[in-house]
Structures are given as C-alpha cells and as structure tokens.
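One-letter residues, chain by chain:
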Amino acid sequence: MLEKCWRSVRGMFEKCSPNTMMRVIGLLGSLIALPEETVVKEGEIILRIYFVQSGLLGVYHSSKAKAEVKINELADGSAFGHRSLIRYYQGRDNRSTATVRASSYCELETLPHADVRSLMEKDPQMAASVRAEARKAYVSDRSRTFRKQSSSDMGMITHAQKH
C-alpha cells in the first residue's frame, strides 16, 4: 500500500524531502468510486487533490448547449484537484472546471488542500513542485482544448489521450 501511495504522489512532490513525503503519505485518505459515480462536479469548490490508484475516470465539460462532452480520461497514476489548490493559494476561484466521473470501479487517494497548504508553507521545495505540476497540467489542458476546438472546427470529434 505504501508503495502504491508513493507512486501516486511522487510526480507532484518529487523535490520534497523524504520526511515531507512521509508526512504527505500519512495525510492521504482513501476513496472508492463506483462506475458512473461523480467524484467532482463542474462548478464545485474542490477541497482536495485526488490521486488515481486504479480504475478509469472520465472528465466532462458542459458545452454551451448544456450537454456534457468528454474531454479527457484519467487512469492509474493520474492526479486532479491540484490546480484548484494553486488557484486558491493565489486568491483566485478554486471551483472545478469539469466534472470527473468514474467509468469503472476506482480506488483514489485524497489529500486535503488545507494539509497541502500547511506543508507548502513549511517546505519551499514542496511549494515549487506543486506549483510546477499545476502549471504543467494547465498548459496540457490548454493545448488539449485548443486541439479539440481546432478539430471541431473541421467537423471532427477528438478525445484527449490518457495520461
């Protein structure tokens, strides 16, 4: 179990000291999501980071016509919710920009934003690592959105690649 948790958080916290990593792992909570269960709803305030241990989740965005459009899939090793933490840290709105729904049985680990913020204040390396991951995810999402819009302009439907 510890190895599974370590693999989940390693990317986001790789520059942290081993002591900080152990504190992060000690703060993780477990969540099981059943198929078709909504984990995060678009527009909700997100209060934690989610790490996908196993399973598959779909990421959906409401179109202007109010229909949900699948924009991405999250699988083992993926994380979500960390960008809202950064937005909150910057004094910006930390509402979810998409709905995340389980496509299969999923095991997730969760890390409350309040705990991450507390650790970030004590560990500058951790703060830099979390911010870098959030920026990387933001750029990736912007790129995916641009590709999707460009493809839909040509009458094609595309789906984002798995992480």
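Now for a look at the structure at hand.

1. Topic: the overall build of the protein
A tally of helices and strands in the protein yields five helices and eight strands. Listing each helix as α and each strand as β along the protein from the N terminus yields α-α-β-β-β-β-β-β-α-β-β-α-α. Considering the protein as a whole, with its 163 residues, one finds that 40% of them fall into the buried category. Long-range contacts, defined here as pairs at least 24 residues apart, represent 74% of the contacts in the protein between residues at least 6 apart.

2. Things to note about the pattern of salt bridges
Taken as a whole and judged by the stated rule, the model has two salt bridges. A salt bridge links Arg101 to Glu68, with the shortest nitrogen-to-oxygen separation between them at 2.9 Å. Linking Arg101 in strand S7 (residues 99-102) with Glu68 in strand S5 (residues 68-74), this pair joins segments that are 33 residues apart in sequence. Classification of Glu68 as partly exposed rests on a relative accessible area of 35%. In this structure, the salt-bridge partner of Glu73 is Lys70, at a minimum N-O distance of 2.7 Å.

3. Details of the pairing of strand S3 (residues 48-54)
Extensive coverage of S3 is indicated by the burial of six of its seven residues. As paired elements, S3 and strand S8 (residues 106-112) share six bridges and run antiparallel to each other. Within the sheet, the bridge partner assigned to Arg48 lies in S8 and is Pro112. Both S3 and strand S6 (residues 79-80) contribute to a ladder of two bridges, which runs antiparallel. Bridge pairing in S6 places Phe51 opposite Ala79.

4. Looking at the sheet that holds strand S2 (residues 38-40)
The strand order across the open sheet formed by four strands is S2-S7-S4-S5, and the pairing between neighbours is antiparallel. Of all the strands in the sheet, just S2 and S5 have a single pairing partner and so form its edges. Across the sheet, the mean angle separating the axes of adjacent strands is 35 degrees when strand polarity is ignored. Examined bridge by bridge, S2 and S7 share two bridges and lie antiparallel to one another. Residue pairing for S7: Thr38 is matched across the bridge by Arg101.

5. A short note on the sheet that holds S8
Spatially, the four strands line up as an open sheet ordered S1-S8-S3-S6, and their pairing is antiparallel. Lying at the two open borders of the sheet, with one neighbouring strand each, are strand S1 (29-33) and S6. In the packing of helix H4 (residues 113-122) onto the sheet, the strands contacted are S3 and S8, and the crossing angle to S8 comes to about 50 degrees.

6. A few points about a nonpolar patch on the surface
Taken together, the side chains of Ile32, Leu34 and Tyr105 present a nonpolar region at the surface, about 350 Å² in accessible area. Relative to the helices and strands, Ile32 resides in strand S1. Its relative accessible area of 52% is what places Ile32 among the exposed residues.

7. Quick look at unusual backbone geometry
Here the phi dihedral of Glu36 falls at roughly 75 degrees; this positive angle occurs in a residue that is not glycine. Note that Glu36 resides in the loop between S1 and S2.

8. Here's the deal with the environment of Glu68
Once the C-alpha coordinates of Glu68 and Thr99 are considered, the two residues, 31 residues apart in sequence, prove to be 8.7 Å apart. With near-sequence residues (within four places) excluded, Glu68 lies in contact with Tyr60, His61, Ser62, Thr99 and Arg101. Looking at Glu68, its side chain comes within polar contact range of the side chain of Arg101, at 2.9 Å.

Rules used throughout
Residues numbered from 1 in each chain as written. Predicted model: local features only at pLDDT ≥ 70, side-chain atom pairs only at ≥ 80, totals over all residues. Heavy atoms only, no water. Helix = DSSP H or I, 4+ residues; strand = E, 2+ residues; numbered from the N terminus. Buried < 20%, exposed > 50% of the residue type's maximum accessible area, 1.4 Å probe, protein only. Contact = heavy atoms within 4.5 Å. Salt bridge = Lys/Arg side-chain N within 4 Å of Asp/Glu carboxyl O. Pairing = 2+ DSSP bridges. Axes fitted to C-alpha atoms, helices over the stretch in contact; angles between N-to-C directions. Patch = residues over 30% accessible without salt bridge, like charges linked within 9 Å, V, L, I, M, F, W, Y side chains within 5 Å. Areas by Shrake-Rupley, 256 points an atom, 1.4 Å probe, with all protein chains shown as cover. Polar contact = N/O pair within 3.5 Å; in protein donor to acceptor, adjacent residues only side chain to side chain.

Honestly, that's just the spatial picture; any functional story needs more than this.
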